[in-house]
Amino acid sequence: MDGAYIRVENLKKYFPTKRGMLHAVDDVSFEIMKGETLGLVGESGCGKSTLGRCLIRLLDSTSGKVLLKNADDDGCIDITKATPSEMKALRKRVQIVFQDPYSCLNPRLSVWELIAEPLIVNKIYSNKNEMRRKIRSLMDTVGLAERLENSYPHELDGGRRQRIGIARSLALNPEFIVLDEPVSALDVCIQAQILNLLNELQKEFSYTYVFISHNLSVVRHVSDRIAVMYLGQIVELTEYRELFRSPLHPYTQALLSAIPLAKLDVNRERIILEGDVPSPIEPPNACRFAGRCRYAKEICRNTPPALREVMTGHYAACHFAKEN
Amino acid sequence: MSTEIIPELSRKKRGPFMDVMMRLAKSPLAMFGLAIIFVLVFCAVFAEVISPYSPIKQDLMHMFETPSAQHWLGTDEFGRDILSRLIYGARVSLQVGFIAVGIALVTGGMLGAISGYYTGWLDNCIMRVMDVLLSIPQTLLVIAIVAALGPSLMNLMIAVGISAVPTYARIVRGSVLSIRSMEFIEAARAAGSSDLRIILKHIIPNSMAPIIVQSTLGVASAILNAAGLSFIGLGIQPPNPEWGAMLSGGRQYIRDFPHMTLYPGLAIMLTILALNFLGDGLRDALDPKLKR
């Protein structure tokens, strides 16, 4: 696909540990379109956040490419190999919103200083008044009252802190934002506020999002396409309605069956996954889900399945996934 | 209604420094400490004007006198006025205390911050050198340095400073290591901050608390360290007055004339107490979480 805005090719991130290599992200390839939201779901420790950080190079990847289309021509730049000066320019284009609004803000800086930081370090404004206007407008955009500008993070609730985090990431007018579980630390009604805010911002400024979450209903609410991760690999990737209607990978099926339904009369089969997630340290060369899969056959234990396009636009990494 | 907005506006007008000072002013203990330090500094600066006698002039007619109207704090074994000697001694002791700690704080702090932030081989190199320094007893190290540089006030301060560097380096490294892994450091990097800015703006302000406490205590131990050196003749040369030297000089007469050790001891204690109060107050004033 040539229309891809970001193309990730065979991205790997291994961490050396005492017991061997930890395969946090293992050979992941996918594309993100301009202006879409790609949901990234998976259970804790499956490598979602690591993948998100590799995308914007807060972590150096072990191998692979992250190609970001240039703004002015048709070429791309490989984020994983950008030089420090290229990276400085890229920081204005790719941003991140962190999961925990309690620890991602320096407790000694006021709201004003926190939002000003990206503007100051990138020397966006030489004029103090312009910067003041920009900060005011950012606070307004994310819904922070002006009177809070001298407050410190600990004086504010989780939702307001997350708004500061969002304002910081918007300050440089980025094109691409990694949202690393931006609502998982918030309670439900504030979650909805933040999700709506993110949606509105996307409509207004046509941001491209990668939305990382372990909560399927949240991801469904915001995503255009959803990628399901299991143990460092993407096992299924498709448009969000399609995923909920006809999941192809047995892991996705199990995940979907675990979403609670607020209906008493619906009797549906719950797929209970037996056993634990295997260790990501030196995983065997096989389907990583084989040990817990109810369809597993001999081939699953010998050959790792590739992520293939089973139906148009619907990718799955399973030997037995087929059109239904 | 409009009165509610006024505190917000007035706070905006004050700079961060005034903000800290205002918060410091709310702590009575810190103000007490600050007052004592002001008095001491005043004494040190205007010693010629306020001291009633010369600090080195001997008066053998009035040896070992206990406090009286002529000599408020008594006289020592050569009949010198103890009050005057204390006032002049404040000069040397405060200088040694503050400058030596300053040297240790800046050098040790930078080394600790670098090794805590970059980790890896650089951290290993720096910390092993610090271990070497730590393995030598502090007094011995100071003696060695002064012996090499020659006895003088400046060299004494340098020596005491260097000997305290490893302590600061370790403390700073420890707190930097714990702050470094916080998410807001990653957030600063994502915003494009340089390493230097991250260290200066994010890591150091957040790892100040233990350093402030250590430096206020460090002034005390620097004064005592310098006193020890004066005692063995490598620091302040007699007859120049210095609190530590007075303390050790009076030591041999402590059974008969305890006032000779009591007053220098009290002066050291009061200085340290004041510094500790001030340090505690400063630590709290710098922490926005404790703002009321």
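Scroll up a little and you will see the structure.
Now for a description of the structure that goes with this document. (Residues numbered from 1 in each chain as written. Chains lettered and ligands numbered in written order. Predicted model: local features only at pLDDT ≥ 70, side-chain atom pairs only at ≥ 80, totals over all residues. Heavy atoms only, no water.)

Summing up its helical and strand segments, chain B has 13 helices and 0 strands in all. Its helices and strands taken in sequence order, chain B reads α-α-α-α-α-α-α-α-α-α-α-α-α from the N to the C terminus. Considering only C-alpha atoms, chain B reaches an extent of 75 × 60 × 30 Å along its principal axes. Classification of the 292 residues of chain B by burial places 45% in the buried group. For chain B, restricting intrachain contacts to residue pairs at least 6 apart in sequence, the fraction spanning at least 24 positions comes to 70%. When the accessible surface of chain B is summed, it comes to about 14600 Å², and 70% of that surface belongs to carbon and sulfur atoms. Of the charged side chains in chain B, 23 are positive and 19 negative, and the gap between their average positions amounts to 7 Å. (Helix = DSSP H or I, 4+ residues; strand = E, 2+ residues; numbered from the N terminus. Buried < 20%, exposed > 50% of the residue type's maximum accessible area, 1.4 Å probe, protein only. Contact = heavy atoms within 4.5 Å. Areas by Shrake-Rupley, 256 points an atom, 1.4 Å probe, with all protein chains shown as cover. Lys, Arg positive; Asp, Glu negative; His and termini not counted. Charge placed at Lys NZ, Arg CZ, Asp CG, Glu CD.)

It is at 13 Å that the axes of helix α3 (residues 111–121) of chain A and helix α10 (residues 195–206) of chain B come closest, and there the two elements cross at 165 degrees. One element, α3 of chain A, and the other, α10 of chain B, form an angle in the roughly antiparallel class. As for the relative orientation of α3 of chain A and α10 of chain B, their crossing is right-handed in sense. Contacts between α3 of chain A and α10 of chain B involve E113, E117, I120 and V121 of chain A on the former and, on the latter, R197, K201 and H202 of chain B. (Axes fitted to C-alpha atoms, helices over the stretch in contact; angles between N-to-C directions. Parallel < 35°, antiparallel > 145°, perpendicular 65-115°, else oblique. Left-handed = near helix turned anticlockwise from the far one by under 90°.)

What follows concerns the side chain of E181 of chain A. All names here are of chain A. Topologically, E181 is positioned in the loop between β7 (176–180) and α6 (188–205). Taking the relative accessible area as the measure of exposure, E181 reaches 5% and is therefore buried. There is a polar contact of 3.2 Å between the side chain of E181 and the side chain of S184. Leave out the neighbours within four places in its chain, and E181 touches K48, F98, Q99, I212, S213 and H214. (Polar contact = N/O pair within 3.5 Å; in protein donor to acceptor, adjacent residues only side chain to side chain.)

Residue and element names in this part refer to chain A. The pairing of strand β1 (residues 4–17) with strand β2 (residues 20–33) spans 10 bridges and is antiparallel. Each residue of the ladder has a partner; that of V8, found in β2, is F30. Counted between consecutive antiparallel strands, the loop separating β1 from β2 contains 2 residues. (Pairing = 2+ DSSP bridges.)

Moving on: the packing of aromatic side chains. Residues and elements named next belong to chain A. Per the counting criterion, the structure on display carries 10 aromatic pairs over all chains. For the pair Y251 and F289, a centre-to-centre distance of 5.3 Å together with 65 degrees between the ring planes defines the contact as edge-to-face. Taken together, the residues span a long stretch of sequence, with Y251 in helix α9 (residues 250–257) and F289 in the loop between α9 and α10 (298–302) at a distance of 38 residues. The class for Y251 is buried, based on a relative accessible area of 0%. By way of ring pairs, the aromatic residues F205, Y207 and Y209 are connected into one cluster. (Phe/Tyr/Trp six-rings, centres within 6.5 Å; stacked < 30°, edge-to-face > 60°.)

Moving on: the side chain of S193 of chain B. Looking at the element boundaries, S193 of chain B is found in the loop between α9 (183–190) and α10. Its relative accessible area of 7% is what places S193 of chain B among the buried residues. Among the polar contacts listed, one links the side chain of S193 of chain B to the side chain of E117 of chain A, at a separation of 3.4 Å. One polar contact links the side chain of S193 of chain B to the main-chain carbonyl oxygen of A188 of chain B, over a distance of 3.1 Å. The contact partners of S193 of chain B, leaving out residues within four places of it in the chain, are E117 and V121 of chain A together with A188 and I198 of chain B.

Another aspect to go through is unusual backbone geometry. Residue and element names in this part refer to chain A. Residue E181 is not a glycine yet carries a positive backbone phi of 45 degrees. One non-glycine residue, E282, lies in the positive phi region at around 45 degrees. With respect to the secondary-structure elements, E282 resides in the loop between α9 and α10. Taking relative accessible area as the criterion, E282 reaches 46% and is therefore assigned partly exposed.

As a further point, take the sheet that holds strand β4 (residues 63–69) of chain A. Residues and elements named next belong to chain A. One open sheet accounts for 4 strands, arranged β2-β1-β4-β5; its pairing is antiparallel. Strands at the two margins of the open sheet, each flanked by one partner only, are β2 and β5 (76–78). On average, adjacent strands in this sheet sit at an angle of 20 degrees to one another, irrespective of strand direction.

Residues and elements named next belong to chain B. Among the secondary structure elements, V142 is positioned in helix α7 (residues 138–149). Placed 77 residues apart in sequence, V142 and V219 show a C-alpha to C-alpha distance of 15 Å. Contact partners of V142, with chain neighbours within four places excluded, come to A159, V160, S163 and L229.

Residue and element names in this part refer to chain A. Judged by how many residues are buried, strand β9 (residues 225–230) sits mostly within the fold: 6 of 6 residues are covered. The alternating pattern of β9 places R225, A227 and M229 on one face and I226, V228 and Y230 on the opposite face, and all of these are buried. Here strand β3 (residues 37–41) pairs with β9 via 4 bridges, running parallel. Residue pairing in the sheet places G39 in a bridge with I226 of β9. Linking β9 to strand β10 (residues 233–239), which pair antiparallel, is a turn of 2 residues; within it L231 sits at a positive phi near 50 degrees.

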